[in-house]
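A look at the structure
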Amino acid sequence: MSEHKFLPQPYFLINKEFDILEFSDKSADVFDFSTNFLDLTDWESQGKLKNILGNSESRPEGEIIMKTKESPYALFDISVKWNQDECHVICIEKDHRLAELERIVEKHRVRLAETNLELLEKKEQIEKTLNEIRNLSCPFIRLTTRAALVPLFGNLDHELILQNGTRILEMSQDGSYLEILFDFNGVGELTNEGVEAFIALVKELQLMGLAPSIIGIKPAHAIYLNSAASVPDVPFLNSLSKAFKKSVY
Amino acid sequence: MEKAIELAQLLLQGNQDAAWHLIDEERVSGSDSLHIYENILTKAMTHIGYLWETNKITVADEHLATSTCDFLLAQYFWHKKREDRTSNHNRKAMFLCVEDEQHYLGIKMASQLFAEHGWQTRFHGPNLPLDYAKKAANEWKPEVICLSFSILYHAEHLSPYIKELEELPFRPQIIIGGRLVTRYEFRRYGSDRTVFFRSLNEVNDWLEHQPNGVRSNVGT
Ligand code: B12
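Residues numbered from 1 in each chain as written. Chains lettered and ligands numbered in written order. Predicted model: local features only at pLDDT ≥ 70, side-chain atom pairs only at ≥ 80, totals over all residues. Heavy atoms only, no water.

Some thoughts on the packing of helix α1 (residues 2-13) of chain B against helix α2 (residues 16-28) of chain B
Geometry of a packed helix pair, given as the angle between the helix axes and the separation of the axes. Residue and element names in this part refer to chain B. Interaxial distance between α1 and α2 falls to 9 Å at its minimum, and their mutual angle equals 155°. The angle between α1 and α2 falls in the class roughly antiparallel. Across the interface between the two elements, Lys3, Glu6, Leu7, Leu10 and Leu11 from α1 touch Ala18, Ala19, Leu22, Ile23 and Glu26 from α2. (Axes fitted to C-alpha atoms, helices over the stretch in contact; angles between N-to-C directions. Helix = DSSP H or I, 4+ residues; strand = E, 2+ residues; numbered from the N terminus. Parallel < 35°, antiparallel > 145°, perpendicular 65-115°, else oblique. Contact = heavy atoms within 4.5 Å.)

Structure follows, in structure tokens:
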């Protein structure tokens, strides 16, 4: 046995059949004993190993997955040098040097995962707030035992009616209301879908025996309401006081 | 295949912008998720594996490429969800890699496919020990639990995972996937209820045959 025995790294001397002829003490520490070098290598690294060992064109070094006492898939850097029919192989374990890189990559991964969640959470929060705003945008106010006021705030779009229509219908049945006054003073923009949905709501109220009317229409609103597919058959009054007078008498 | 090789180069450079540009072009020109996941991203990663086997790159390079690929998946999903009109439903699926398994890109793709079909998903990423998996499942009660593994030695985890998860009181459906499932038979690790999928195509077919998996035009 030669000095190779005392090399501070796993070392092997092998022949063309990859039979192990000599090895260092360190090799015996790291690997379970085997007579053939291929057996120490992960099955999906064997092709690569054969290339590094057998192909004079290829670089005489590279990364290989090896089976150690500690792990069935440890990453090694191997360097090889042929001398006639015998090959000297040094195997240096790499995992500890990769640990730092792995830590950084893992941090990135977690951050990426969190970023998405954060975005998603923000979006959900915003949607929730928007819903709350919409609920507040259509309060149902009792004026007298027979009349209620529903001031609309913000844009009259499909969502506004979708979200508040049922509540308005329900509340209008809860008591002895006859008249529901929709106040448009606080309305900004209108959309066609919003107007259609609003008209549908008005018709439903009428079906239930109530008399809806609309106050505070601005010229910009009127265009939408008049061009709607089915203009509601309701009085348009320009002020609350007029509406109120009408409803009281 | 050309696109995949081109992408592999960008991933190895960590060039997020150019890589995203390539994916986005595919997306805009009408490629569906299946095509993008299977034929572009997976093929690019497999090509990276080939470059390692032929001694052109190192595992360190693979780390960088993985990180970039992960970013692409998230970015793609974000865009996809924004424009998609598939209605969500309340069916729940949970995704994880078995203990010690770090290769999570494949199961991330699977989880995104489920989400694109309107499922509620929870993605637990790599290396989730069985005790954690059981705890998470018990709290959330998913109808489906998908497991992935890529390293042959990790196949031995399958039996306990499948057995103990299938025994949970709400009887979840266990689905197994990963690169080795295509090559070998792992049925003996499961029960007659366990499903093994060899590709995302099979996942997609399965999803489309689910009562709620049908595409609709109503957004929620
Ligand atoms: C990239 C990569 C890495 C990345 C990890 C990437 C990640 N986070 O996902 C990093 C650098 C971290 C890595 C580390 C290691 N790797 Co690696 N890695 C690869 C590589 C090159 C590509 C894998 C990949 O991302 N493919 C793309 C994905 C999308 O494909 P996929 O996982 O197969 O998924 C598809 C299907 O399977 C399916 N699918 C997957 N899961 C599921 C689940 C369900 C439910 C369904 C329905 C479908 C499904 O969907 C996808 C689309 O079709 C492969 C080589 C190869 N040819 O695969 C080696 C490879 C898998 N790695 C290997 C090894 C050995 C390692 C290390 C041990 C090396 C080391 N010591 O550093 C470590 C082990 C870490 C660990 N404990 O798990 C070996 C495995 C050998 C073996 N005996 O099994 C391979 C084969 C390389 C090799 N030739 O030696 N690796």
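This is not the end of the story, as more comes after the structure.
Some words on the pairing of strand β3 (residues 61-66) of chain A
Residues and elements named next belong to chain A. Of all six residues that make up β3, five are buried, and the element is covered over most of its length. Summarising the sheet, β3 and strand β4 (residues 74-83) pair through six bridges and their orientation is antiparallel. The residue bridging Ile64 from the neighbouring strand is Phe76, located in β4. (Buried < 20%, exposed > 50% of the residue type's maximum accessible area, 1.4 Å probe, protein only. Pairing = 2+ DSSP bridges.)

Quick word on the sheet that holds strand β7 (residues 147-156) of chain A
Residues and elements named next belong to chain A. Reading across the sheet, the five strands line up as β6-β7-β8-β9-β10 and stay open at both edges, with mixed pairing between neighbours. Whereas interior strands pair on both sides, the edge strands pair on one side only; in this sheet they are β6 (141-142) and β10 (236-237). Of the strand pairs in this sheet, strand β9 (residues 211-215) and β10 are connected by two bridges, and their pairing is parallel. Bridging from a neighbouring strand, Ile214 pairs with Phe236 of β10.

Considering the packing of aromatic side chains
In total, this model carries 18 aromatic pairs over all chains according to the counting rule given. Residues Phe23(A) and Phe33(A) carry aromatic rings whose centres are separated by 5.9 Å and whose planes lie at 55° to one another, so their mutual orientation is tilted. Placement of Phe23(A) in strand β2 (residues 20-23) and of Phe33(A) in the loop between α1 (25-30) and α2 (46-54) is noted, with a sequence separation of 10 residues between them. Ring plane angle 75° and centroid distance 5.2 Å describe the contact between Phe95(B) and Phe114(B), whose orientation is recorded as edge-to-face. (Phe/Tyr/Trp six-rings, centres within 6.5 Å; stacked < 30°, edge-to-face > 60°.)

So, the coordination of the cobalt atom of the ligand
What the protein offers the cobalt atom of the ligand as a donor is a single atom, His103(B) (NE2), at 2.3 Å. Considering the arrangement of structural elements, one finds His103(B) in the loop between β1 (92-97) and α5 (105-116). (Donors = N, O, S within 2.8 Å, 3.2 Å for Na, K, Ca; no water.)

A word on the sheet that holds strand β5 (residues 86-93) of chain A
Within a sheet, adjacent strands bond to each other through the backbone by hydrogen bonds, running parallel or antiparallel. All names here are of chain A. The sheet built from five strands is open, its strands ordered β2-β1-β5-β4-β3 with antiparallel pairing. Because the sheet does not close on itself, it has two edges, and the strands there are β2 and β3. Within the sheet, the average angular offset between the axes of one strand and its neighbour, ignoring direction, is 30°. Of the strand pairs in this sheet, β4 and β5 are connected by eight bridges, and their pairing is antiparallel.

Comments concerning the side chain of Ser172(A)
Residue and element names in this part refer to chain A. Inspection of the secondary structure assignment puts Ser172 in helix α4 (residues 158-173). A distance of 2.7 Å separates a polar side-chain atom of Ser172 from the backbone oxygen of Leu169. With residues up to four places along the chain from it excluded, the contact list for Ser172 reads Phe140, Tyr177, Ile180, Leu205 and Leu210. (Polar contact = N/O pair within 3.5 Å; in protein donor to acceptor, adjacent residues only side chain to side chain.)

A word on the site of the ligand
Taken together, the neighbourhood of the ligand is formed by 39 residues, with Glu38(B), Gln102(B), His103(B), Tyr104(B) and Ser148(B) sitting nearest. Around the ligand, the neighbouring residues derive from chains A and B rather than from a single chain. One of the backbone N or O atoms of Leu105(B) is found 3.2 Å from an oxygen atom in the ligand. Note that an oxygen atom of the ligand is positioned 3.2 Å from one of the backbone N or O atoms of Leu152(B). (Near = heavy atom within 4 Å.)

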